[in-house]
Amino acid sequence: MITLYHAPRSRSSRIIWLLEELEAPYRIEIVPILRGDGTGSPAPDDYLAINPLRKVPTIKLYDEIVYESGAICLFLTDSHPKHAIGPLPGDRHRADYVRWLFFCSATLEPAVGARFAGWDKDGASTGFGKFEDIEAVISRQLEKTPYILGDEFSAADILCGSFIAFFKGSLFPDRKHYDDYVARLTARPAFQRAQARENG
Ligand SMILES: N[C@@H](CCC(=O)N[C@@H](CS)C(=O)NCC(=O)O)C(=O)O
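Calculation notes
- Residues numbered from 1 in each chain as written.
- Predicted model: local features only at pLDDT ≥ 70, side-chain atom pairs only at ≥ 80, totals over all residues.
- Helix = DSSP H or I, 4+ residues; strand = E, 2+ residues; numbered from the N terminus.
- Rg over C-alpha atoms; globule rule 2.2 N^0.38 Å.
- Pairing = 2+ DSSP bridges.
- Axes fitted to C-alpha atoms, helices over the stretch in contact; angles between N-to-C directions.
- Contact = placed C-beta atoms within 7 Å.
- Buried ≥ 20, exposed ≤ 12 C-beta atoms within 10 Å, placed from the backbone.
- Right-handed = clockwise from strand over helix to strand, strands pointing away.
- Near = placed C-beta within 6 Å.
- Nonpolar A, V, L, I, M, F, W, Y, C, P; charged D, E, K, R; others polar.
- Parallel < 35°, antiparallel > 145°, perpendicular 65-115°, else oblique.
- Left-handed = near helix turned anticlockwise from the far one by under 90°.
- Domains from an automatic or database assignment.
- Core = buried A, V, L, I, M, F, W, Y, C linked by C-beta atoms within 7 Å.

Novice: Whenever I open this one, the overall build of the chain confuses me. Can you help?
Specialist: The helix and strand tally for the chain stands at 7 helices and 4 strands. Mapped from its N terminus to its C terminus, the chain presents α and β elements in the order β-α-β-β-β-α-α-α-α-α-α. What you see for the chain is a C-alpha radius of gyration of 17 Å, in line with the 16 Å of a compact globule of 200 residues. Taking the principal axes of its C-alpha atoms as reference, the chain extends roughly 40 × 40 × 30 Å.

Here is the structure:
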C-alpha cells in the first residue's frame, strides 16, 4: 500500500489524480504546510525523515520514499504499468515521456515561479529561460495533438495539464486548444475521483 503525504489544494493533488488513474492502492496522510501566501504552518520535525524540505507530495512504498512530483510520476508509472499511462523503456514514446516530465518539473515550473516572483525580468541565465518561449513549446504541441505525447493520455498530462488548468487565462494566454485540453482532462473519471479525495 502506497502512502501519499498530501496537503489539500497543493502540488500533491496531482498525485492523487495519478494514483486514481493507476488504480493503485493508497492511503493519504495529511501534512500541514506553509503556504506561499504565508498561511498554514510548517510540517513537524518528524516529517523531515520523509521529506527533508517539509514539502508535499512525497510517497512511501515499503522502505522506498520518493519526493519531487516528476520523479513520483516516473516511479509510479514504471511500477504500475497496467493502465499504460507512462511509456516504459523500449516504447517509442519513452523519450518524449521522460523529456516532458522533466520539462514540466525543471523548466516550466521554475519559470512560472520566477515570473510570479519577478526574478526573470532581465532575461538572466537561469537554466530554464523565458516563460513565453516555454509556453510556446507547449502551445505548439497541444495545437497539433490532443495530449502532450500525441493521441494518448499520460502522466505528463497530469503535470502539464495541472499548470495550464490553474493558470489558463492569466499566465497562460487564452487559447482554444488549452480550453479543449483542460476540458478533456477534467472530464476523466480519475480526475473526478481525485477531487472527491482532496481532503483525505
Ligand atoms: N519541486 C517539488 C515542489 C513541492 C512543493 O513546493 N510543494 C509545496 C506545496 S504546493 C510545499 O510543500 N510547500 C511547503 C513548504 O515549502 O514548506 C515538487 O514538484 O514536488
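Novice: Mind showing me how you'd approach the sheet that holds strand β1 (residues 2-6) here?
Specialist: Hydrogen bonding along the main chain pairs the strands of a sheet, whether they run parallel or antiparallel. Within the open sheet, the 4 strands sit side by side as β2-β1-β3-β4. Their pairing is mixed. Taken across any chain shown, the strands that pair with only one partner, and hence form the sheet edges, are β2 (26-30) and β4 (64-67). Pairwise comparison of adjacent strand axes, ignoring direction, gives a mean angle of 20° for this sheet. By the bridge criterion, 4 bridges tie strand β3 (residues 58-61) to β4 in an arrangement that is antiparallel. Bridge assignment links Lys 60 to a residue of β4, and that residue is Ile 65. Packing against the sheet, helix α1 (residues 13-22) makes contact with β1, β2 and β3, and its axis sits at approximately 155° to β1.

Novice: Is there a simple way to explain α1 in this structure?
Specialist: Helical geometry note: an α-helix holds 3.6 residues per turn, so side chains three or four residues apart project in the same direction. In terms of burial, α1 is a largely internal element, 10 of the 10 residues being buried. Those residues of α1 that sit buried are Ser 13, Arg 14, Ile 15, Ile 16, Trp 17, Leu 18, Leu 19, Glu 20, Glu 21 and Leu 22. Packed against the buried residues of α1 are β1, β2, β3, α2 (69-79), α5 (155-167) and α7 (189-196).

Novice: What's the story with the pairing of β2 in this structure? I'm lost.
Specialist: One face of the sheet, then the other: side chains in a regular strand alternate in exactly this way. Note: β1 against β2, 5 bridges, orientation parallel. What sits directly across from Leu 4, in β2, is Ile 28. In this fold, the crossover linking β1 to β2 by way of α1 has right-handed handedness.

Novice: Please explain unusual backbone geometry as it appears in this structure.
Specialist: With omega at 0°, the peptide bond leading from Val 56 into Pro 57 counts as cis. Summarising the element assignment, Pro 57 is placed in the loop between β2 and β3. At Arg 54, a residue that is not glycine, the phi angle is positive and equals roughly 60°. Turning to its location among the elements, Arg 54 is positioned in the loop between β2 and β3. In this model, Ala 84 sits at a positive phi of 50°, which is unusual for a non-glycine residue. Mapping Ala 84 onto the fold places it in the loop between α2 and α3 (94-117).

Novice: For this particular structure, what's the right way to read the site of the ligand?
Specialist: Taken together, Ser 10, Arg 11, Ile 33, Leu 34, Pro 42, Arg 54, Lys 55, Val 56, Pro 57, Glu 68, Ser 69 and Ser 105 make up the full set of residues adjacent to the ligand. The class makeup of the residues in the shell around the ligand is 5 nonpolar, 3 polar and 4 charged.

Novice: Explain the packing of α2 against α3 here, please?
Specialist: How two helices pack is summed up by the angle between their axes together with the distance between the axes. At a minimum axis distance of 9 Å, the contact between α2 and α3 shows a crossing angle of 160°. When the axis of α2 is compared with that of α3, the two are roughly antiparallel. As α2 packs across α3, the resulting crossing turns out to be right-handed. Residues Ser 69, Gly 70, Cys 73 and Leu 74 of α2 form the contact with α3, whose own contacting residues are Leu 101, Phe 102, Cys 104 and Ser 105.

Novice: What am I meant to see in the domain arrangement of the chain here?
Specialist: One frequent convention defines the size of an interface as the accessible area lost when the parts assemble. Annotation of the chain at the domain level lists domain 1 (2-85) and domain 2 (94-189). Relative to domain 2, the C-alpha centre of domain 1 lies at a distance of 21 Å. Counting residues at the interface gives 10 residues for domain 1 and 10 residues for domain 2. Elements that contribute at least two residues to the side of domain 1 that touches domain 2 include exactly α1 and α2. Of the residues assigned to the side of domain 1 that touches domain 2, the class counts are 5 nonpolar, 3 polar and 2 charged.

Novice: Before we go on, may I ask you to explain the nonpolar core in this structure?
Specialist: Across soluble globular proteins, nonpolar side chains show a tendency to be buried alongside one another. Core analysis: the largest hydrophobic core is formed by 46 residues, its most contacted members being Leu 18, Cys 73, Trp 100 and Ala 156. Of all the secondary-structure elements, those providing two or more residues to this core are β1, α1, α2, α3, α4 (131-144), α5, α6 (176-186) and α7. In terms of residue count, α3 provides more of this core than any other element does, 8 residues in total. Residue contributions to this core reach at least three from each of two domains, namely domain 1 (2-85) and domain 2 (94-189).

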